Amino acid sequence: MQEFTLRSCFVLFSPIVMAAFKRRKVDSECRAFNEEWGEKYFFVEIKNQKATCVICTESVAVLKEDNLRHHYETKHLSTYLKLSGKFRTEKFESMKRVFESQKNLFGESLLKMNLSLVQVTK
């Protein structure tokens, strides 16, 4: 059995040894949004593989079910827990439509603002 001493620990965790280990990059894991998470946690997928809550419009850092569940349970569980079945589906669909219309309206107004800035600068 190998005995760990202060010297062996120093060698084990030296910068040279640690540089040999590659850090895992979450961006390269190609995570995909599962459609059932939408109704289950009130999330929709927007461009660039980001999940956004239709209730509070917050985005989750990494597209994983645990992150969506944690957000839902910590911020919205008490309000939306009582919804189930058809009522839950209808509520999610209506919130999704409102979210999409707000996103489109905001996108159009930004486009108009950018066009007007371009015309002013000419």
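The notes below deal with the structure included here. (Residues numbered from 1 in each chain as written. Predicted model: local features only at pLDDT ≥ 70, side-chain atom pairs only at ≥ 80, totals over all residues. Heavy atoms only, no water.)

Here's the deal with helix H4 (residues 65–75)
Part 1 of the reasoning: Leu68, His71 and Tyr72 are the residues of H4 that are buried. Down the axis of H4, the buried side of the element spans an arc of 95°, and every buried residue falls inside it. (Buried < 20%, exposed > 50% of the residue type's maximum accessible area, 1.4 Å probe, protein only. Helix = DSSP H or I, 4+ residues; strand = E, 2+ residues; numbered from the N terminus. Arc of directions from axis to C-beta.)

Side note on the side chain of Arg88
Part 1 of the reasoning: Relative to the elements of secondary structure, Arg88 occurs in helix H6 (residues 85–121).
Part 2 of the reasoning: We note that Arg88 is buried and unpaired, the nearest opposite charge coming from Glu39 at a distance of 5.3 Å.
Part 3 of the reasoning: If we ignore the near neighbours within four places in the chain, the residues touching Arg88 are Glu39, Lys40, Phe42, Tyr72, Tyr80 and Leu83. (Lys, Arg positive; Asp, Glu negative; His and termini not counted. Salt bridge = Lys/Arg side-chain N within 4 Å of Asp/Glu carboxyl O. Contact = heavy atoms within 4.5 Å.)

What to know about unusual backbone geometry
Part 1 of the reasoning: Within the chain, Phe42 stands out as a residue other than glycine whose phi angle is a positive 60°.
Part 2 of the reasoning: Looking at where Phe42 falls in the secondary structure, it is placed in the loop between helix H3 (36–41) and strand S1 (43–46).
Part 3 of the reasoning: Positive phi, normally seen in glycine, also occurs at Thr57, with a value near 60°.

Details of the nonpolar core
Part 1 of the reasoning: Core analysis: the largest hydrophobic core is formed by 17 residues, its most contacted members being Phe33, Tyr41, Phe42, Phe43, Ala51, Val54 and Leu68.
Part 2 of the reasoning: Mapped by element, the contributors of at least two residues to this core are H3, S1, strand S2 (50–53), H4 and H6.
Part 3 of the reasoning: Broken down by element, this core gets its largest block of residues, three residues, from H6.
Part 4 of the reasoning: Leave out the neighbours within four places in its chain, and Ala51 touches Phe33, Phe43, Val44, Glu45, Glu58, Ser59, Val60, Leu63 and Leu68. (Core = buried A, V, L, I, M, F, W, Y, C linked by side-chain atoms within 4.5 Å.)

Comments concerning the state of the cysteines
Part 1 of the reasoning: Tallied over the full model, the rule gives zero disulfides.
Part 2 of the reasoning: The thiol of Cys53 is not disulfide-bonded; the next cysteine sulfur, from Cys56, is found 3.7 Å away.
Part 3 of the reasoning: According to the relative accessible area criterion, Cys53 is buried, its value standing at 0%. (Disulfide = S-S within 2.5 Å.)

Observations concerning the pattern of salt bridges
Part 1 of the reasoning: Across all of its chains, the model carries six salt bridges by this definition.
Part 2 of the reasoning: Taking the shortest distance from any N to any O, the salt bridge between Lys103 and Glu100 comes out at 3.4 Å. Placement of the pair is Lys103 and Glu100 together in helix H6, with a separation of three residues, close to one helical turn.
Part 3 of the reasoning: Through salt bridges that share partners, Asp66, Arg69 and Glu73 make up one connected network.

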